[in-house]
Amino acid sequence: MIKVSKKVASIAPSLTLAISAKANELKAAGERVINFGVGEPDFNTPAHIIAAAKDALDKGYTKYVAAAGLPALKKAVCKKLKEDNNLDYEPSQIIISNGAKHSLFNALYAIIDEGDEVIIPAPYWLTYPELVKTCGGVPVFIEASRKVCYKITAEQLEKAVTPKTKALIFNSPSNPTGAVYTEEEIKKLAAVCEKHGITVVSDEIYEKLIYGGQKHYSIAEVSPAMKELTIVINGVSKSYAMTGWRLGYLAAPANVAKAIASFQSHCTSNVNTMTQYAAIAALEGPQKPLNDMLEQFGIRRKKMLEILSGFKKLGIDYVTPDGAFYVMLVTEKFYGKSYKGRKINGSMDVADLLLTEKKVAVTPSVCFGDDTSVRLSYALSLEDMTEGLEKIGEFIKEIK
Ligand SMILES: Cc1ncc(COP(=O)(O)O)c(C=O)c1O
């Protein structure tokens, strides 16, 4: 038997897998499953983006290109960062990778030495701790309490810092909570990072999906010193409904970008060339499809919150999210109670029972380092959402 390395042996399998495998089994058996587990826009990639990829293929752009990305795409990313985030980067500071997930891996691999601590606010996107461990780091969690809308404070951050702290992974808007930090909140966190020289890996993949008048603010914008400490992660997956295309990017201080460019040149080389042309069209082309999608998400979010507010009288709670397309529905009140004789011990049981008994798939928040809730995505049709929420309401009423 081949013994796997310690690095990969410590990686946890995705807890969501069991739930989605069961949902797929039910579907294969002909059951109608309403899926609130979706982590991607349910809209098609806009036509002009698809056309740009086809055009690239027709023109024969099917060869290797520069490992760190097409110069034209890096320029488009610089323009986007300047216009949207008031950040000045040179194209050499941009690395185009296979999705924001790959950009995150590259960023962490480039900065973590064995035993370095990386602070992660919880609830977190489940990939973060596993990537930190893969890179030889130690994840350190701070509870982002729902009482303060799932946001960590500068005081909490200060307390978590040790001589081994290397980085903070910061995600606003957040998956899974939908929390969006304000400029003021970010400036306070940045002051702690500047004081201790902590690198911030700032995952801004949901930047465009913000509702209710809040504005995205990048921690790299705070000051030139903070920009030197930040690696900005972003991509086209969520904003342009391009999850399957696999294109993310990072912007980093020159020495970090140079190291990542070398590393990527040996690992993956360039992201597939036609996808890079499609991404140029996404960033530089009409933004109407993005705005239309955002409007639809806004309508669904409103509807979901309207229905969920009715659940409050059933004793269930949630925090109004300002961004992304998720709502955390707090289920901890039911732990210790039973559904049809089966005891509910945590969010995994809630998710399992909802799927088995109501054919409704949700994501248990235990996957995100918090066992209080289930995450509902509103990347599904209004009709499905309404029907699914009715079933969740019935389920709650049947808990004894
Ligand atoms: C917070 C967060 N960051 C990064 C990603 C990865 O995005 P990509 O599909 O571009 O790899 C996701 C995808 O679910 C996400 O939720």
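Basis of the calculations
Residues numbered from 1 in each chain as written. Predicted model: local features only at pLDDT ≥ 70, side-chain atom pairs only at ≥ 80, totals over all residues. Heavy atoms only, no water. Buried < 20%, exposed > 50% of the residue type's maximum accessible area, 1.4 Å probe, protein only. Helix = DSSP H or I, 4+ residues; strand = E, 2+ residues; numbered from the N terminus. Pairing = 2+ DSSP bridges. Phe/Tyr/Trp six-rings, centres within 6.5 Å; stacked < 30°, edge-to-face > 60°. Lys NZ or Arg CZ within 6 Å of the ring centre and 35° of its normal. Near = heavy atom within 4 Å. Polar contact = N/O pair within 3.5 Å; in protein donor to acceptor, adjacent residues only side chain to side chain. Areas by Shrake-Rupley, 256 points an atom, 1.4 Å probe, with all protein chains shown as cover. 1 Å grid on protein atoms, 1.4 Å probe; cavity = no way out; pocket = protein on both sides within 12 Å on 5 of 7 lines; lining within 4 Å. Sits in = over half its atoms within 2 Å of the grid points. Nonpolar A, V, L, I, M, F, W, Y, C, P; charged D, E, K, R; others polar. Salt bridge = Lys/Arg side-chain N within 4 Å of Asp/Glu carboxyl O. Axes fitted to C-alpha atoms, helices over the stretch in contact; angles between N-to-C directions. Parallel < 35°, antiparallel > 145°, perpendicular 65-115°, else oblique. Left-handed = near helix turned anticlockwise from the far one by under 90°. Contact = heavy atoms within 4.5 Å.

Trainee: I'm lost on the pairing of strand β6 (residues 199–203) in this one. Help?
Mentor: Remember that side chains alternate between the two faces of the sheet whenever the strand is regular. By the criterion of burial, β6 is predominantly enclosed, with 5 of the 5 residues buried. Here β6 shows two buried faces, one formed by Thr199, Val201 and Asp203 and the other by Val200 and Ser202. Where β6 and strand β7 (residues 230–235) come together, 4 bridges link them in parallel fashion. By the bridge assignment, Val201 is partnered in β7 with Ile231.

Trainee: What exactly am I supposed to notice about the packing of aromatic side chains here?
Mentor: The description of an aromatic ring pair uses the distance of the two centres, along with the angle that the planes make with each other. Summed over all chains, the structure comprises 15 aromatic pairs. Members of the aromatic cluster, each reached through a chain of ring pairs, are Phe43, Tyr206, Tyr211, Phe297, Phe325, Tyr326 and Tyr378. Geometry around Tyr89 places Lys227 over its ring, the cationic atom sitting 4.5 Å from the centre. The residue whose ring lies beneath Lys312 is Tyr318, and the NZ or CZ to ring-centre distance is 4.8 Å.

Trainee: I'm lost on the site of the ligand in this one. Help?
Mentor: Taken together, 13 residues sit near the ligand, with Ala100, Asp203, Ser237, Lys238 and Arg246 positioned nearest. Here an oxygen atom of the ligand and a side-chain polar atom of Lys238 are 2.6 Å apart. In the complex, 93% of the free accessible area of the ligand, which totals 400 Å², lies under the protein chains. Here the ligand occupies the largest pocket. Partitioning the shell around the ligand into residue classes produces 5 nonpolar, 4 polar and 4 charged.

Trainee: Just to check I follow, could you spell out the pattern of salt bridges for this structure?
Mentor: Oppositely charged side chains can form a pair if their charged atoms are brought close together. In total, this model carries 24 salt bridges according to the counting rule given. A salt bridge links Arg32 to Glu387; the shortest N-O distance between them is 2.5 Å. One end of the pair, Arg32, is in the loop between α2 (16–28) and β1 (34–35); the other, Glu387, is in helix α14 (residues 382–398), and 355 residues separate them in sequence. A relative accessible area of 42% means that Arg32 is categorised as partly exposed.

Trainee: What is the right way to look at the packing of helix α5 (residues 100–111) against helix α10 (residues 254–267) in this model?
Mentor: In a pair of packed helices, the angle between the axes and the distance between the axes together describe the arrangement. Relative to each other, α5 and α10 sit at 115 degrees, their axes nearing to 10 Å. Compared by their axis directions, α5 and α10 come out roughly perpendicular. In terms of crossing hand, the pair formed by α5 and α10 is right-handed. From α5, His102, Phe105, Asn106, Ala107, Tyr109 and Ala110 reach across to α10, where they touch Val256, Ile260, Phe263 and Gln264. For the contact of α5 with α10, the residue count by class is 7 nonpolar, 3 polar and no charged.

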